[in-house]
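As a plain string of letters, each chain reads:
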Amino acid sequence: MLACYHERSLSCHVEIMSIEKFSLEKVLSVHRWTNTLFSFTLTRPAHFKFTAGQFARIGLKVGDELVVRAYSVVSSPFDETLEFFSIVVPDGAFTSNLQHLQVGDELYLEKIPYGFLTLTRYQLPLPHDLWLLATGTGLAPFISMLQDFDTWSKYKKINLVYSVRTASELAYATRIEEIAATFGEGHSGFKFVPIITRDPNAALHDRLPVLIENGELEKAVGLQFNTESSHVMLCGNPQMVEDTKEALKARGLIMNRRGEGNIAVENYW
Ligand SMILES: Cc1cc2nc3c(=O)[nH]c(=O)nc-3n(C[C@H](O)[C@H](O)[C@H](O)COP(=O)(O)OP(=O)(O)OC[C@H]3O[C@@H](n4cnc5c(N)ncnc54)[C@H](O)[C@@H]3O)c2cc1C
């Protein structure tokens, strides 16, 4: 039984009674990118099947309580382990504890995955150009999608746009190149576009909605948003998601509902 259930953030404190919904998984690796960003991998139980773009609910014991938070899966659905990419919120109930994670520790993993930020949700328009727009750890579901050959065969153009505050927060930049070389081998339509908002010398440093309004993003990519061909996914900071959504709507793009439409979103808080 859930002690509380915050529907919007899918975050909650769970009583020990609901523990059977979870399996206990071992931490296999921890990689610290900066003081506030790290990635970790867990053992993957055979029952945990997911589609690229979905999220898991991970639990951590704090005292006698299980604190649970939503985490997009970074790894591909075909991987043997589960990778996650995490922020550290200094006074956050979950991450202030999770930041001390070490290899060999154990975390609770809810047995079923959740979420609809998947490419299967798009029916019309037919796949042609895919725009994956992320802030910070909102990159996670897109790394999963890019490690699926299906994504590369479906789309002629793929633009991964990753907005961070400082260059040091550009985690996964090298991995992205490796993934493009491995999974997108022979695919000429991939663009990785970093945005560094606190670096005025960065090629792109404005907020995503501004870069859409002033046409700089399309110029950098060499492609325009198109109601007849664009699938656009937004993930991360809710303010970015809201403002970017409005900027895209002003360009005629529409929210994807029941398979039809251009824009799909996921808010992290
Ligand atoms: C569907 C979904 C998927 C998510 N996937 C991820 C993920 O892959 N990686 C991840 O780090 N978080 C993810 N989150 C957020 C995550 O569930 C927690 O909010 C986060 O781990 C912080 O937990 P906390 O208890 O420490 O702080 P909380 O009390 O949950 O959050 C406190 C505050 O921290 C800020 N915050 C929370 N999450 C983030 C974040 N990711 N980046 C920047 N600021 C944040 C917000 O201002 C929030 O109000 C996801 C959330 C949702 C709803």
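Quick notes on the rules
- Residues numbered from 1 in each chain as written.
- Predicted model: local features only at pLDDT ≥ 70, side-chain atom pairs only at ≥ 80, totals over all residues.
- Heavy atoms only, no water.
- Helix = DSSP H or I, 4+ residues; strand = E, 2+ residues; numbered from the N terminus.
- Rg over C-alpha atoms; globule rule 2.2 N^0.38 Å.
- Buried < 20%, exposed > 50% of the residue type's maximum accessible area, 1.4 Å probe, protein only.
- Contact = heavy atoms within 4.5 Å.
- Areas by Shrake-Rupley, 256 points an atom, 1.4 Å probe, with all protein chains shown as cover.
- Near = heavy atom within 4 Å.
- Polar contact = N/O pair within 3.5 Å; in protein donor to acceptor, adjacent residues only side chain to side chain.
- Nonpolar A, V, L, I, M, F, W, Y, C, P; charged D, E, K, R; others polar.
- Pairing = 2+ DSSP bridges.
- Core = buried A, V, L, I, M, F, W, Y, C linked by side-chain atoms within 4.5 Å.
- Domains from an automatic or database assignment.
- Phe/Tyr/Trp six-rings, centres within 6.5 Å; stacked < 30°, edge-to-face > 60°.
- UniProt positions renumbered as here; feature names shortened; annotations may be inferred.

Trainee: Explain the overall build of the protein chain here, please?
Mentor: Looking only at helices and strands, the protein chain has seven helices and 12 strands in total. Relative to the 2.2 N^0.38 estimate, which gives 18 Å for 269 residues, the radius of gyration of the protein chain is 18 Å and therefore close to what a compact globule would have. By principal-axis analysis of the C-alpha atoms, the protein chain measures approximately 55 × 40 × 35 Å. The burial tally for the protein chain puts 52% of its 269 residues in the buried class. When contacts within the protein chain are restricted to residue pairs at least 6 apart in sequence, those whose partners lie at least 24 apart make up 72%. When the accessible surface of the protein chain is totalled, it reaches about 12600 Å², and 52% of it is carbon and sulfur.

Trainee: What should I look at first to understand the site of the ligand in this one?
Mentor: Inspection of the region around the ligand gives 19 residues, with A70, Y71, F85, T95 and T137 positioned closest. Interatomic distance of 3.1 Å between a backbone N/O atom of S72 and an oxygen atom of the ligand. Protein chains shield 80% of the accessible area of the ligand, which is 870 Å² for the free molecule. Mapped onto the shell around the ligand, the elements with two or more residues apiece are β5 (65-72), β6 (81-87) and β12 (263-267). For the shell around the ligand, the element with the most residues is β5, which contributes four residues. In the shell around the ligand, the residues fall into 10 nonpolar, seven polar and two charged.

Trainee: Just checking my understanding: could you explain the pairing of strand β3 (residues 37-43) for this structure?
Mentor: Moving residue by residue along a regular strand, the side chains alternate between the two faces of the sheet. The buried fraction of β3 amounts to six of the seven residues, a majority that puts the element mostly inside the structure. Looking at chain direction, strand β2 (residues 22-34) and β3 are connected through six bridges and run antiparallel. Pairing of H31 across the sheet is with S39, part of β3. Counted between consecutive antiparallel strands, the loop separating β2 from β3 contains two residues. Note: β3 against β6, seven bridges, orientation antiparallel. Looking at the pairing, L37 lines up with I87 of β6.

Trainee: What should I look at first to understand the nonpolar core in this one?
Mentor: Burial of nonpolar side chains together is a common tendency in soluble globular proteins. Formed by 35 residues in total, the largest nonpolar core has its most connected members in L132, F142 and M233. Of all the elements in the fold, those that place two or more residues in this core are β8 (129-135), α2 (140-146), β9 (157-164), α4 (173-183), β10 (190-196) and β11 (230-236). Counting residues per element, this core draws most heavily on α2, at five residues. The residue makeup of this core includes at least three contributed by each of domain 1 (13-110) and domain 2 (119-265).

Trainee: Looking at this structure, how should I read the packing of aromatic side chains?
Mentor: Between two aromatic rings, the relevant description is the distance of the centres plus the angle of the planes. With the rule as written, the count across this model stands at 15 aromatic pairs. Between the aromatic rings of F40 and Y71, the centroid separation amounts to 6.4 Å while the plane-to-plane angle is 65 degrees, which identifies the pairing as edge-to-face. Residue F40 is located in strand β3, and its partner Y71 is located in strand β5; the two are separated by 31 residues in the primary sequence. With respect to burial, F40 and Y71 carry one shared label: buried. Judged by centre distance (5.9 Å) and plane angle (45 degrees), the rings of F48 and F50 are tilted.

Trainee: What am I meant to see in the UniProt feature "domain: FAD-binding FR-type" (unreviewed entry) in the protein chain here?
Mentor: Mapped onto this numbering, the UniProt entry gives "domain: FAD-binding FR-type" (unreviewed entry) at residues 20-120. Helix makes up 4% of residues 20-120 and strand 48%, with an end-to-end C-alpha separation of 30 Å.

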